[in-house]
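Chains, contacts and geometry: an overview
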Amino acid sequence: MSISLKKLRLLAQASAFVLCLAVSGAALAASAPAVKGPQVESPKRVLLVGNSYLYYNDSLHNHLRRMVAAADADLGKALQYKSATIGGATLAHHNVDWLTGPGQIGIKEPFELVILQGHSAAALSEKRQADFRTAASAHAKIIAERGGKVALYMTHAYVPPHKQAKPENTQLIDDFYVKTGNELGALVIPVGLAFDEAYKRDPEIKLHNAQDHSHPSLLGSYLAAATVYATIYGKSPVGNAYDAYGQVDAKTASFLQQVAQDTVTGFFARK
């Protein structure tokens with residue numbers, strides 16, 4: 001009888017292990033982005049919609065535009081970037097129908113690409129997740145009707161001592177944005193993963209604002225711009241000459257550029 005019980009226990013353990021592997025495999029599969037590269041070739045008319053995560057440090061769209069121009073002067077001259085931001089906003093706070101109407105905010109032709117950045121805690125509760133999906137879906141429909149493509153800006157996680165900082169937040173954010181991006185057929189820009197990777201490689205780097213441990217520092221905005229560049233243009237930021245007018249030293253710029261490229265490459269290689 002004891003041998004039989006022992007065998008039963010072993011079988012139960014083996015079954016549990018197999019089930020665990022199956023669940024883990026499903027989770028890994030769910031975290032793979034369906035869109036694995038730019039949907040618009042060298043986008044010129046780009047709108048960024050979001051909140052203070054974008055407008056801190058002279059605005060992410062400015063850093064991105066300068067990075068593009070540093071790599072390709074002709075493309076840089078042709079860019080028509082706009083940034084619509086509201087402090088503390090969720091996606092639902094933005095009138096994307098009005099913003100994307102040709103000529104409404106100074107761009108005569110429809111935007112080729114609209115980048116949507118939601119609240120920093122959008123992935124951290126079921127209600128916020130539902131609100132984000134509803135708004136993103138509605139915005140994506142409008143953008144598609146006008147011939148544009150959508151990209152979702154994966155936000156970075158809070159860091160201690162922020163009261164909402166938790167080790168698992170990066171994974172929650174990752175899973176949520178990939179799932180939502182796949183539902184919408186949208187490109188996902190893995191900024192949050194780039195922050196996480198940079199901290200793993202250099203725990204001393206300061207990517208967050210020292211006042212609130214939520215907003216990006218200048219280095220955080222630079223890393224975000226490099227990640228957006230690598231994602232929406234499909235080109236490596238490594239070696240890019242833009243240094244925020246000398247505010248980012250050469251060694252740090254090179255480090256952040258490499259992190260951005262490695263993160264984007266790894267993200268798109270998921271299966």
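Let me begin by describing the structure that accompanies this report. (Residues numbered from 1 in each chain as written. Predicted model: local features only at pLDDT ≥ 70, side-chain atom pairs only at ≥ 80, totals over all residues. Heavy atoms only, no water.)

Moving on, we get to the sheet that holds strand S3 (residues 113-116). Taken in spatial order, the 5 strands make up an open sheet running S2-S1-S3-S4-S5, and their pairing is parallel. Each edge of the sheet is formed by a strand with only one pairing partner; in this case those strands are strand S2 (80-85) and strand S5 (187-189). Between one strand axis and the next, the sheet turns by 20 degrees as a mean value, whatever way the strands run. In the sheet, strand S1 (residues 45-50) pairs with S3 via 4 bridges, with the strands oriented parallel. Bridge pairing in S3 links Leu48 to Ile115. Most of the contacts of helix H6 (residues 126-145) go to strand S4 (residues 149-153), to which it runs at about 150 degrees, and overall it touches S3 and S4. (Pairing = 2+ DSSP bridges. Helix = DSSP H or I, 4+ residues; strand = E, 2+ residues; numbered from the N terminus. Axes fitted to C-alpha atoms, helices over the stretch in contact; angles between N-to-C directions. Contact = heavy atoms within 4.5 Å.)

Once that is clear, we can look at the environment of Ala165. With respect to the element layout, Ala165 can be found in the loop between S4 and helix H7 (169-184). Sequence-wise, Ala165 and Ser214 are 49 residues apart; in three dimensions their C-alpha atoms are separated by 9.1 Å. If sequence neighbours within four positions are ignored, Ala165 has contacts with Tyr158, Val159 and Pro160.

Now for the packing of aromatic side chains. This model, assessed by the stated rule, comprises 8 aromatic pairs. Between Phe132 and Tyr177, the ring centres sit 5.3 Å apart and the planes meet at 70 degrees, which makes this aromatic pair edge-to-face. Placement of Phe132 in helix H6 and of Tyr177 in helix H7 is noted, with a sequence separation of 45 residues between them. The exposure classification of Phe132 matches that of Tyr177, with both residues buried. Between Tyr222 and Tyr242, the ring centres sit 6.1 Å apart and the planes meet at 15 degrees, which makes this aromatic pair stacked. Within this pair, whereas Tyr222 is found in helix H9 (residues 218-233), its partner Tyr242 is found in the loop between H9 and helix H10 (250-268), the two being separated by 20 residues in sequence. In this structure Tyr242 comes out as buried when scored by relative accessible area, which is 7%. Through a chain of ring-to-ring contacts, the aromatic side chains of Phe132, Phe176 and Tyr177 assemble into a single cluster. (Phe/Tyr/Trp six-rings, centres within 6.5 Å; stacked < 30°, edge-to-face > 60°. Buried < 20%, exposed > 50% of the residue type's maximum accessible area, 1.4 Å probe, protein only.)

Inside soluble globular proteins, nonpolar side chains tend to come together where they are buried. Ranked by size, the top nonpolar core spans 73 residues in total, and within it Ile115, Tyr177, Leu223, Val228, Ile232 and Tyr233 carry the most contacts. No other element matches the 11 residues that H9 contributes to this core. With near-sequence residues (within four places) excluded, Tyr177 lies in contact with Gly118, His119, Ala122, Phe132, Leu152, Tyr153, Met154, Thr155 and Val188. (Core = buried A, V, L, I, M, F, W, Y, C linked by side-chain atoms within 4.5 Å.)

Quick look at the pairing of S1 now. When you tally the buried positions in S1, you get 6 out of 6 residues, the bulk of the element. Taking every second residue as pointing to the same face, both faces of S1 are buried, with Arg45, Leu47 and Val49 on one and Val46, Leu48 and Gly50 on the other. Bridge count for S1 against S2 is 6 bridges, and the pairing is parallel. By the bridge assignment, Arg45 is partnered in S2 with Gln80.

The next point concerns H9. Taking 1.5 Å of rise per residue, 16 residues should cover 22 Å, and H9 covers 22 Å from first to last C-alpha, within 8% of that figure. By the criterion of burial, H9 is predominantly enclosed, with 15 of the 16 residues buried. The first or second residue beyond H9 is Gly234, which carries a positive phi of 65 degrees. (Expected span 1.5 Å × (residues − 1).)

On to empty space enclosed by the protein. Over the atoms rolls a probe the size of a water molecule, and in doing so it shows where empty space is left. Taken as a whole and judged by the stated rule, the model has 2 cavities of 30 Å³ or more. Pro38, Gln39, Val40, Pro43, Leu113, Val150, Leu187 and Ile232 are the residues that line the largest cavity. A per-class count over the lining of the largest cavity returns 7 nonpolar, 1 polar and no charged. In this structure, the second largest cavity spans a volume of roughly 30 Å³. Forming the walls of the second largest cavity are Thr100, Pro110, Phe111, Val114, Ile143, Arg146 and Gly148. Here the residues of the lining of the second largest cavity sort into 4 nonpolar, 2 polar and 1 charged. (1 Å grid on protein atoms, 1.4 Å probe; cavity = no way out; pocket = protein on both sides within 12 Å on 5 of 7 lines; lining within 4 Å. Points joined across faces, edges and corners; volume = space filled by probe spheres on them. Nonpolar A, V, L, I, M, F, W, Y, C, P; charged D, E, K, R; others polar.)

Another aspect to go through is the packing of H6 against H7. Across the interface, H6 lies against H7 with an axial gap of 11 Å and an inter-helix angle of 30 degrees. Judged by the angle between their axes, H6 and H7 are roughly parallel. Handedness of the crossing formed by H6 with H7: right-handed. Where H6 abuts H7, its residues Gln129, Phe132, Arg133, Ala136 and Ser137 lie against Phe176, Tyr177, Lys179, Thr180, Glu183 and Leu184. Residues that form the contact of H6 with H7 fall into these classes: 5 nonpolar, 3 polar and 3 charged. (Parallel < 35°, antiparallel > 145°, perpendicular 65-115°, else oblique. Left-handed = near helix turned anticlockwise from the far one by under 90°.)

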